[in-house]
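Structure at a glance
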Amino acid sequence: MRASYKKYILEFKQASGTSRGILTTKETWFIVLTKDDKTGIGECGLFRGLSVDDRPGYEEKLQWVCNNIHLGIEGLLKELVEFPSIQFGLETAFKSLESEDVFTLFPSEFTSGEASIPINGLIWMGNETFMKQQIKDKIEKGFKCIKMKIGAIDFKTELNLLKSIRKEFSSNEIELRVDANGAFTPNDALEK
């Protein structure tokens, strides 16, 4: 078996606010396994400033994985505890290698386009007007669950946005979720 990796930069269609800054791009790496005439691909999705494994030596660890692919999945995973995104990419690459289709790891009605999976409409952080427009757009598109990124603007403003959504849409119509991505300290997170 051979292994390699390739870095790829994803460019956001619009700048997206998180509790730790504005994202315009996202670095990602693909682990590629080849064995005989088969290929397996797995994505190591690291978010700079957000992922626990955003640390020096990330790319070197990817190279170490490729150099030591002979250790197999179990041997490699033990050495990657501090790099969960690489663990995920490696597990996905091995599953991809075993699959009939390199990109269909778990065949289902969803992957064949016969069924859908309900998901949330993600609302990125920004000023109140921007966030309200996103909420309106998601509801118009039929989303029944709205997930708001919070923690970057004034908390009272965010709370007022949530209250205004709830005034207009009952909990039977729209489910509200929040995602602070570690924006609050342990001391004030429970209160908020």
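Since the model is a prediction, treat every value here as computed from it, not as a measurement.

1. Things to note about the side chain of T28
When you line up the elements, T28 lands in strand β2 (residues 21-35). At 3.2 Å, the side chain of T28 and the backbone oxygen of C44 are in polar contact.

2. A look at the side chain of K149
Along the chain, the position of K149 falls in strand β5 (residues 145-149). A polar atom in the side chain of K149 sits 3.0 Å from the side chain of D179. Each residue touching K149, except ones within four places of it in the same chain, is listed here: G17, L122, I123, W124, M125, M131, E158, D179 and N181.

3. Some points on helix α1 (residues 58-67)
The periodicity of an α-helix, 3.6 residues per turn, causes residues three or four positions apart to be oriented the same way. Where α1 is concerned, the buried positions are Y58, L62, V65 and C66. On an axial view of α1, the arc spanned by its buried residues comes to 100°, and they lie on one face. Exposed and facing more than 90 degrees away from the buried side of α1 are E60 and N67.

4. Focus on the environment of G151
One can find G151 in the loop between β5 and α5 (155-168). Sequence separation between G151 and G182 is 31 residues, and the spatial gap between their C-alpha atoms is 8.2 Å.

5. Some thoughts on the pattern of salt bridges
One pass over the structure, following the stated rule, counts six salt bridges. The salt bridge involving D179 is made with K147; its shortest N-O contact spans 3.4 Å. Of the two residues, D179 is situated in strand β6 (residues 175-179) and K147 in strand β5; the sequence distance between them amounts to 32 residues. According to the relative accessible area criterion, D179 is buried, its value standing at 16%.

6. Some words on the packing of helix α4 (residues 128-140) against α5
As a packed pair, α4 and α5 sit with axes 11 Å apart at the nearest point and diverge in direction by 30°. Taken together, the axes of α4 and α5 are roughly parallel relative to one another. Crossing angle aside, the handedness with which α4 passes α5 is right-handed. Where α4 approaches α5, its residues E128, M131, K132 and I135 are matched on the opposing element by T157, L161, S164 and I165.

7. A word on the sheet that holds β5
Whether parallel or antiparallel, the strands of a sheet pair through hydrogen bonds between backbone atoms. Strand order in the open sheet formed by three strands is β4-β5-β6, with parallel pairing between adjacent strands. Each having just a single partner strand, β4 (121-123) and β6 make up the two edges of the open sheet. Across the sheet, the axes of successive neighbouring strands diverge by a mean angle of 25°, strand direction being ignored. Taken together, the three bridges between β4 and β5 define a ladder with parallel strand orientation. Looking at β5, one finds that G121 is bridged to I146. Across the sheet, α4 lies against β4 and β5, angled at about 175° from β4, the strand it touches most. α5 rests against β5 and β6 of the sheet, and its axis sits at about 165° to β6.

Thresholds, definitions, all that
Residues numbered from 1 in each chain as written. Predicted model: local features only at pLDDT ≥ 70, side-chain atom pairs only at ≥ 80, totals over all residues. Heavy atoms only, no water. Helix = DSSP H or I, 4+ residues; strand = E, 2+ residues; numbered from the N terminus. Polar contact = N/O pair within 3.5 Å; in protein donor to acceptor, adjacent residues only side chain to side chain. Contact = heavy atoms within 4.5 Å. Buried < 20%, exposed > 50% of the residue type's maximum accessible area, 1.4 Å probe, protein only. Arc of directions from axis to C-beta. Salt bridge = Lys/Arg side-chain N within 4 Å of Asp/Glu carboxyl O. Axes fitted to C-alpha atoms, helices over the stretch in contact; angles between N-to-C directions. Parallel < 35°, antiparallel > 145°, perpendicular 65-115°, else oblique. Left-handed = near helix turned anticlockwise from the far one by under 90°. Pairing = 2+ DSSP bridges.

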